[in-house]
Protein chains: 4
Amino acid sequence: MKTKRQLQKEHTRKKIIETAYQIYSEQGFSATTAVIAKEAGVSHGTIFAHFSSLDELLCCLIQDFGDALGSEIHRLAETKDNIEELLKTHLDLLARHEKFYIRLIAERSLLPEDARLTFSNIQSIVAFHFNKAFERESSTIKDVPIPLLFNTWMGLVHYYLLNKDLFSPDTPVLERYGSKLTETFLELIKK
Amino acid sequence: MKTKRQLQKEHTRKKIIETAYQIYSEQGFSATTAVIAKEAGVSHGTIFAHFSSLDELLCCLIQDFGDALGSEIHRLAETKDNIEELLKTHLDLLARHEKFYIRLIAERSLLPEDARLTFSNIQSIVAFHFNKAFERESSTIKDVPIPLLFNTWMGLVHYYLLNKDLFSPDTPVLERYGSKLTETFLELIKK
Amino acid sequence: MKTKRQLQKEHTRKKIIETAYQIYSEQGFSATTAVIAKEAGVSHGTIFAHFSSLDELLCCLIQDFGDALGSEIHRLAETKDNIEELLKTHLDLLARHEKFYIRLIAERSLLPEDARLTFSNIQSIVAFHFNKAFERESSTIKDVPIPLLFNTWMGLVHYYLLNKDLFSPDTPVLERYGSKLTETFLELIKK
Amino acid sequence: MKTKRQLQKEHTRKKIIETAYQIYSEQGFSATTAVIAKEAGVSHGTIFAHFSSLDELLCCLIQDFGDALGSEIHRLAETKDNIEELLKTHLDLLARHEKFYIRLIAERSLLPEDARLTFSNIQSIVAFHFNKAFERESSTIKDVPIPLLFNTWMGLVHYYLLNKDLFSPDTPVLERYGSKLTETFLELIKK
DNA sequence: TATGAATGAGAGTTCATTCAT
DNA sequence: GATGAATGAACTCTCATTCAT
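Nothing here was measured: the structure is a model prediction, and the numbers come from that model. (Residues numbered from 1 in each chain as written. Chains lettered and ligands numbered in written order. Predicted model: local features only at pLDDT ≥ 70, side-chain atom pairs only at ≥ 80, totals over all residues. Heavy atoms only, no water.)

**Quick notes on the interface of chain B and chain A**
For the record, the criterion: By the convention used here, residues are in contact when the closest approach between their heavy atoms is within 4.5 Å. Note: buried area is the sum, over both parts, of the accessible area (probe 1.4 Å) each one loses when the two are combined. Between Lys or Arg on one side and Asp or Glu on the other, a salt bridge is scored when a side-chain nitrogen of the former is within 4 Å of a carboxyl oxygen of the latter. Any pair of N or O atoms that falls within 3.5 Å is considered a polar contact. Within protein, one atom must be able to donate a hydrogen and the other to accept it, and sequence-neighbouring residues count only if both atoms are side-chain atoms. Going along the chain from the N terminus, every DSSP run of H or I of four or more residues is numbered as a helix, and every run of E of two or more is numbered as a strand. Classification used: nonpolar for Ala, Val, Leu, Ile, Met, Phe, Trp, Tyr, Cys and Pro, charged for Asp, Glu, Lys and Arg, polar for all others including Gly.
Each partner contributes residues to the interface: chain B has 33 residues there, and chain A has 33 residues. Contact between chain B and chain A buries roughly 2,800 Å² in total, counting both sides, with carbon and sulfur atoms accounting for 60%. For the pair chain B and chain A, the interface holds three salt bridges. Here Arg-108 of chain B ties to Asp-165 of chain A by a salt bridge, and the two come within 2.9 Å at their closest N and O atoms. Summed over the shared surface of chain B and chain A, the number is twelve residue pairs in polar contact (both at pLDDT 80 or more). Elements with a contribution of two residues or more to the side of chain B that touches chain A: helix H7 (113–136), helix H8 (146–162), helix H9 (164–167) and helix H10 (173–189) of chain B. Looking at which element gives the most residues to the side of chain B that touches chain A, the answer is H8 of chain B, with twelve residues. Tallied by class, the residues present in the side of chain B that touches chain A amount to 16 nonpolar, eight polar and nine charged.

Right, here's the structure in full:
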């Protein structure tokens, strides 16, 4: 049983994280703490009462995002037993977080070391599930080292995400090109 | 016939662009104008005597880089008549500019609109040559829309470049993984 | 007869004062209220439930310290009937509070007006006892106005305390130089 | 031959240092860079164009002050061949910089390491001249280790300076008490 | 043309203090 | 009485840009 104040604190922290998520999604990671505070409806100092520094806020945000993504992947991947399903699931998932995910991969180099590491860990969960699926279906797919298959897929997806402004400036890229990406990839890897 | 002054001016401009290229390659696009000026051996103000703003410097730099890259591609692609050669040539070219190219694709979102557009134009030159080669060899490669083939290749290469710190932190990525990338891609696209 | 609540309140207040004394001794008067609260095992707000402001806490702390020091001086000085004994007693007393006393004289200018005044009052108690002793032994000491004798002594002692980092960085200064200071002073004042 | 701009730059730097000297003299070392900038009639950023940080400004200021004081001491001490003259000269010198000197000794513990060290060096110049004078007149003064004689003098003077608010709140302390201090000290050290 | 000193808005961060619980 | 989350003004420092020289 939590006290009212604990709930209030958690609520504020959550509000900051959620607002940061929105602001970063829209403006990128160069958005300032003052903007986040204002948008979250808290004072500027409150951010630093919850996070010791901007870097820590970033880490927590990406950690939270990564955890959510990771567990979604886990849950969804369990029920899929073939590559096609897995690819679609993967894209569905990314589509749900498209804006933020794009910022993450586009501005990765600006992020503090910790945050970058956190994001790398997410990627390895995805890799794990793909590896399993690729191995299971290895008889029907081309004889290419599995990591390279995975990286080809990731590369293709990220390429479309990173170049959203060229491919699909106004609507989500994955909505528009998702099925083409899976089709293409499946066609390429099949024997 | 150019006056001495005009020559001097062009020389200074070139020096700034070249230094900016070096500095951005090493430190990324968050390097300051003061650092570039110092390294170029000119005064801080001189930068703004040649470029109306930092954004313009970036545009010109990337324009120059794009032009150089574009004409190299043109020249080299002319002599190559099959996909394999073209892929290798492409990677050789990128390898020669790896550091800067990585910064360009990694920090693209920080760049001003104009600079981003300029870079996109480079890509289309590359695409043009790939299209020709793919069409020529269409009988032996899988039945996949050519743009998607091209994007798969670009995605794969960029994925390795962007994740250089994971794949090959100390040595150039393309030196280490270049041949694996071409092999894999060729294997995937062949019928 | 005090209620349980009143006792509790007094206990908390005492705890804060004592902790502040320790913290200020170690870190100086730039230590924050948050640090004091944490170390005292009370909430940050509790400090302000007992003291209307940081300045008031400082005043009370120094008041308490001054009162304690003053009564100790009184008690000890009673039994001493010559200057030599008095000097030694004075140094013994300061030695017991050396760390805090140094902070007090070193960072006096940071303290609020009230706190500074409080500290001055302590000094006058010391002065009173010295005056008595000097008068009693006036026949054997040099013909110098008593206040100046007293200030010479205080100056000498404070000089060593304030420059502890030069004279004795690792061990208490008074332990190391106390006897030299009394010897010197006695030698100087004797006819 | 200096260019106009070099002169302008030196002038600004000097203006900042001088203003800082004035402001610190009046308000103590907790005065902010913004206040100094405003008072000096330059923009806030200008301070950091001349000094890489607040600490560096402090160091340069104290260095300058120390150098000036040191060379004045040297020059004046040369011509004085007895202790009495030396004491008077010393006090005259301090009197000319009384306000700043008081802040320096009163808030020494707040200063960055470097600045503290710089100040210590000044002291040793003073000590050097006193040592010489004490040695020369050793036959007529009490048999007390010279360093202790020096420290007694410094202690006495600093005690009056540090407690200016008690001894002489409105007028310079040394003007009011200077001669009493020299008289007393001379009386005490004579055999 | 080239210079570089000066600018000032804006960044992240700190901390004594408040007040609903 | 005690709590501690929230506050916001104030701090030092950065840097693209300007303009008198």
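**Some points on the relation of the copies chain B and chain A**
In plain terms, the rule: Least-squares fitting of one copy onto the other uses the C-alpha atoms of those residues that reach a pLDDT of at least 70 in both copies.
Its rotation angle being 177°, the transformation that places chain B on chain A also includes 0.1 Å of axial translation and leaves an RMSD of 0.5 Å. What the superposition gives is, in effect, a two-fold axis relating one chain to the other. When you check the interface residues of chain B against chain A, 100% turn up at the interface there too, and the contact is symmetric in its surfaces.

**Some words on the nonpolar core**
Convention followed: Here, the term nonpolar core denotes a set of buried Ala, Val, Leu, Ile, Met, Phe, Trp, Tyr and Cys residues that are joined through side-chain atoms within 4.5 Å. Residue burial is assigned from relative accessible area. The probe radius is 1.4 Å, only protein chains are included, and a residue is buried under 20% of its type maximum, exposed over 50%, and partly exposed in between.
Ranked by size, the top nonpolar core spans 133 residues in total, and within it Tyr-24 of chain A together with Tyr-24 and Phe-134 of chain B carry the most contacts. In terms of residue count, the dominant contributor to this core is H8 of chain B (twelve residues). Contact partners of Tyr-24 of chain A, with chain neighbours within four places excluded, come to Phe-29, Ala-31, Ile-36, Leu-54, Leu-57, Leu-58, Leu-61, Phe-100 and Arg-103 of chain A. Ile-73 of chain C together with Val-126, Leu-162 and Tyr-177 of chain D belong to the second largest nonpolar core, which has 132 residues in total.

**Some points on the domain arrangement of chain A**
All names here are of chain A. The test is simple: Delimitation of the domains relies on an automatic or database domain assignment.
Split into domains, chain A comes out as domain 1 (1–51) and domain 2 (53–189). The straight-line distance from the C-alpha centre of domain 1 to that of domain 2 is 27 Å. In this complex, domain 1 contributes 17 residues to the contact, which on the side of domain 2 involves 16 residues. Summed over both partners, the interface of domain 1 with domain 2 buries about 1,500 Å², with 70% contributed by carbon and sulfur atoms. Summed over the three residues of domain 1 that lose the most area to domain 2, namely Tyr-21, Phe-29 and Phe-51, the buried surface amounts to 45% of that side. Seen at the junction of domain 1 and domain 2, the total is one salt bridge.

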